[in-house]
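A look at the structure
Spelled out from the first residue to the last, the chains are:
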Amino acid sequence: MKIIQSDYIYTPLGYQENLAVAFTDTIKEIATLDTLKSKYPQAEVIETAANSVLYPGFINTHVHLEFSANKTSLKYGSFMPWLDSVIEHREDLVGDCDNTVMMGECEAMMRSGVTTFGAISSFGNELEVCEKAPQRVVFYNELIGSNAQYADMLYGDFMERVKASQSCDKASLIIPAIAIHSPYSVHPIILQKAVNVAKQYKLPLSAHFLESQAEREWLEKGEGELKSFFKKYFNTEVPVTNIQEFMYAFDTYPTHFTHCVQANKVELEYLAQKGHTIAHCPRSNRYLGVGRLPIEILKDLGLKYSVATDGLSSNDSLNILDELRAGLMLHHQAPIEKLAHSFIESITSNAADILGLNNGRIAVGKLADFAVVTLPEVPKREEEIALWTVLHTKEVSQVFVDGEKVL
Ligand code: MCF
Ligand code: FE
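Read on for an overview of the structure. (Residues numbered from 1 in each chain as written. Chains lettered and ligands numbered in written order. Predicted model: local features only at pLDDT ≥ 70, side-chain atom pairs only at ≥ 80, totals over all residues. Heavy atoms only, no water.)

1. Here's the deal with the coordination of the iron ion (ligand 2)
Ideal donor angles around a metal are set by the shape: a four-donor tetrahedron calls for 109.5 degrees, a six-donor octahedron for 90 or 180 degrees. Of the protein atoms, only His62 (NE2), His64 (NE2), His208 (NE2) and Asp310 (OD) coordinate the iron ion (ligand 2), at distances of 2.1 to 2.3 Å. Each donor residue of the iron ion (ligand 2) lies on one chain, and together they are spaced H-x1-H-x143-H-x101-D. On the criterion of sequence distance, the pair formed by His64 in the loop between strand S6 (58–63) and helix H2 (79–96) and His208 in strand S10 (residues 205–209) is long-range, its members being 144 residues apart. Relative accessible area serves as the criterion here: at 8%, His208 is assigned to the buried category. (Donors = N, O, S within 2.8 Å, 3.2 Å for Na, K, Ca; no water. Helix = DSSP H or I, 4+ residues; strand = E, 2+ residues; numbered from the N terminus. Buried < 20%, exposed > 50% of the residue type's maximum accessible area, 1.4 Å probe, protein only.)

2. Some points on the packing of helix H7 (residues 213–221) against helix H8 (residues 225–234)
For the pair H7 and H8, the least separation of the axes is 7 Å and the interaxial angle reads 75 degrees. Comparing the axis directions of H7 and H8 gives the class roughly perpendicular. Between H7 and H8, the residues in contact are Ala214, Glu215 and Trp218 and Glu225, Leu226, Lys227 and Phe230, respectively. Its residues assigned to classes, the contact of H7 with H8 shows four nonpolar, no polar and three charged. (Axes fitted to C-alpha atoms, helices over the stretch in contact; angles between N-to-C directions. Parallel < 35°, antiparallel > 145°, perpendicular 65-115°, else oblique. Contact = heavy atoms within 4.5 Å. Nonpolar A, V, L, I, M, F, W, Y, C, P; charged D, E, K, R; others polar.)

3. A closer look at helix H14 (residues 336–346)
Those residues of H14 that sit buried are Leu339, Ala340, Phe343, Ile344 and Ser346. Buried residues of H14, viewed axially, fall in a sector of 155 degrees; they line one side. (Arc of directions from axis to C-beta.)

4. Structural notes on the site of ligand 1
Around ligand 1, 16 residues are found, and the nearest of them are Glu142, His208, Glu211, His259 and Asp310. At a separation of 3.0 Å, an oxygen atom of ligand 1 approaches a polar side-chain atom of His259. Ser313 places a polar side-chain atom, nitrogen or oxygen, 3.2 Å from a nitrogen atom of ligand 1. Here ligand 1 loses 96% of its free accessible area of 470 Å² to cover by the protein chains. Of all the elements, H2 adds the most residues to the shell around ligand 1, at four residues. (Near = heavy atom within 4 Å. Polar contact = N/O pair within 3.5 Å; in protein donor to acceptor, adjacent residues only side chain to side chain. Areas by Shrake-Rupley, 256 points an atom, 1.4 Å probe, with all protein chains shown as cover.)

5. A closer look at the pairing of strand S15 (residues 398–401)
Of the two faces of S15, the one holding Gln398 and Phe400 and the one holding Val399 and Val401 are both buried throughout. Alignment of strand S14 (residues 370–374) against S15, held across three bridges, turns out to be antiparallel. Its bridge partner lying in S15, Phe370 is registered against Phe400. Note: S15 against strand S16 (residues 404–405), two bridges, orientation antiparallel. Paired with Val401 across the two strands is Glu404, which belongs to S16. The antiparallel hairpin formed by S15 and S16 contains two residues in its connecting segment, where Asp402 sits at a positive phi of about 55 degrees. (Pairing = 2+ DSSP bridges.)

6. Some remarks on helix H13 (residues 320–330)
Note: α-helices contain 3.6 residues per turn, so residues at a spacing of three or four share the same orientation. Along H13, eight of the eleven residues are buried, which leaves the element largely enclosed by surrounding structure. Buried residues of H13: Ile320, Leu321, Glu323, Leu324, Arg325, Gly327, Leu328 and Leu330, and no others. Of the residues flanking the start of H13, the one acting as N-cap is Asn319, its side-chain oxygen 2.8 Å from the backbone nitrogen of Leu321.

7. A closer look at the pattern of salt bridges
The tally for this structure, following the rule as stated, stands at 19 salt bridges. Residues Lys2 and Glu404 are paired through a salt bridge, measuring 3.9 Å at the closest nitrogen-oxygen approach. Taken together, the residues Lys2 in strand S1 (residues 2–11) and Glu404 in strand S16 connect sequence positions 402 residues apart. What makes Lys2 buried here is its relative accessible area of 16%. Residue Glu404 is classed as partly exposed on the basis of its relative accessible area, which comes to 48%. The salt bridge involving Lys227 is made with Glu223; its shortest N-O contact spans 3.7 Å. The network of salt bridges with common partners includes Arg136, Asp369 and Asp402. (Salt bridge = Lys/Arg side-chain N within 4 Å of Asp/Glu carboxyl O.)

Everything listed here is a matter of coordinates, which is why it stays silent on function.
Right, dumping it as structure tokens:
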């Protein structure tokens with residue numbers, strides 16, 4: 001048994017003072033330090049610095065580790081030139097991205113307090129790193145392929161990767177999962193098969209959806225910049241699906257849709273009604289010039305979102321607190337204190353609910369994943385702790401995963 005105390009604890013009831021948490025790999029009890037010490041006299045007591053806040057470990061629901069080598073290769077500014085540059089540099093970038101580079105990025109995420117991340121994997125190359133990484137990893141095996149001719153082969157390869165992630169050692173904290181790349185890049189036949197696999201094994205399911213204006217135009221009219229892209233690289237001129245058909249394919253299984261920046265109100269309402277959720281990537285959206293997700297309307301629609309970093313293919317760091325700070329700037333019209341609260345919720349309890357994990361909250365019975373944030377001085381008002389956390393934390397001071405101290 002371990003006991004950790006800090007000046008504040010972020011609980012489902014808000015920031016609470018003068019409490020401590022007793023835990024093994026799960027949270028056993030929350031009470032005053034004296035109470036816990038007398039109840040568990042053998043427990044190791046963990047100190048935290050003054051002005052520390054104990055958070056449930058942060059969760060980054062959407063990241064592409066295999067693009068971790070990108071710094072100045074991919075073109076930013078708008079979506080299609082970016083996609084062209086991915087095609088041009090993908091091989092080199094993936095080749096340059098060895099286990100050391102990827103592990104470095106897992107550690108960078110950890111220093112920002114991330115104890116769980118959702119890794120989108122195109123080739124399965126990241127599995128070894130994700131097994132060794134200290135964090136829990138929702139390992140999203142990506143399905144991609146719009147050409148019916150190669151669909152069976154691609155699906156076969158995809159299923160091999162799914163199986164490999166299903167047979168990882170329990171101690172690796174790998175959670176197998178499925179990612180559909182996008183409506184423009186996945187043939188509806190294999191899409192439905194993959195959704196059925198997710199349903200059968202109850203695997204977390206995710207898909208990039210309505211990220212750019214080009215995607216919308218292509219799916220709606222078979223026109224726009226994606227038309228010349230498909231003509232050039234795949235010698236086709238008709239989309240394999242449309243917005244509705246793609247969305248309906250997920251009707252019976254709650255899915256985490258990434259971006260949705262170009263979704264209209266009716267589509268967002270539909271996603272909400274079916275119990276789906278959104279991964280919101282502020283910096284990726286800004287760097288690829290795709291627009292702003294109107295997060296201010298999501299609450300009324302009952303649509304849950306997480307804030308996530310996406311990969312270094314469309315970002316400058318995988319630090320989740322860098323992402324929240326960028327989000328505060330992107331959504332400049334929103335009341336800042338409330339937004340900071342919503343963001344913290346989005347990377348803790350919301351993210352855990354979205355991924356179906358028993359963490360993300362400091363409450364009895366939850367998994368003992370924690371991040372300790374140390375504020376530079378005494379917070380003068382409790383209602384601003386979320387904001388000060390986001391603004392002042394470049395790196396957290398301690399991290400625990402599954403009850404073990406990893407930082
Ligand atoms: O989320 C961003 C932008 N939207 C789509 N895909 C990706 C993102 N970052 C990396 N990707 C990957 C995707 O997983 O890019 C590849 C896919 O494997 C290119 S799709 C031709
Ligand atoms: Fe992505």
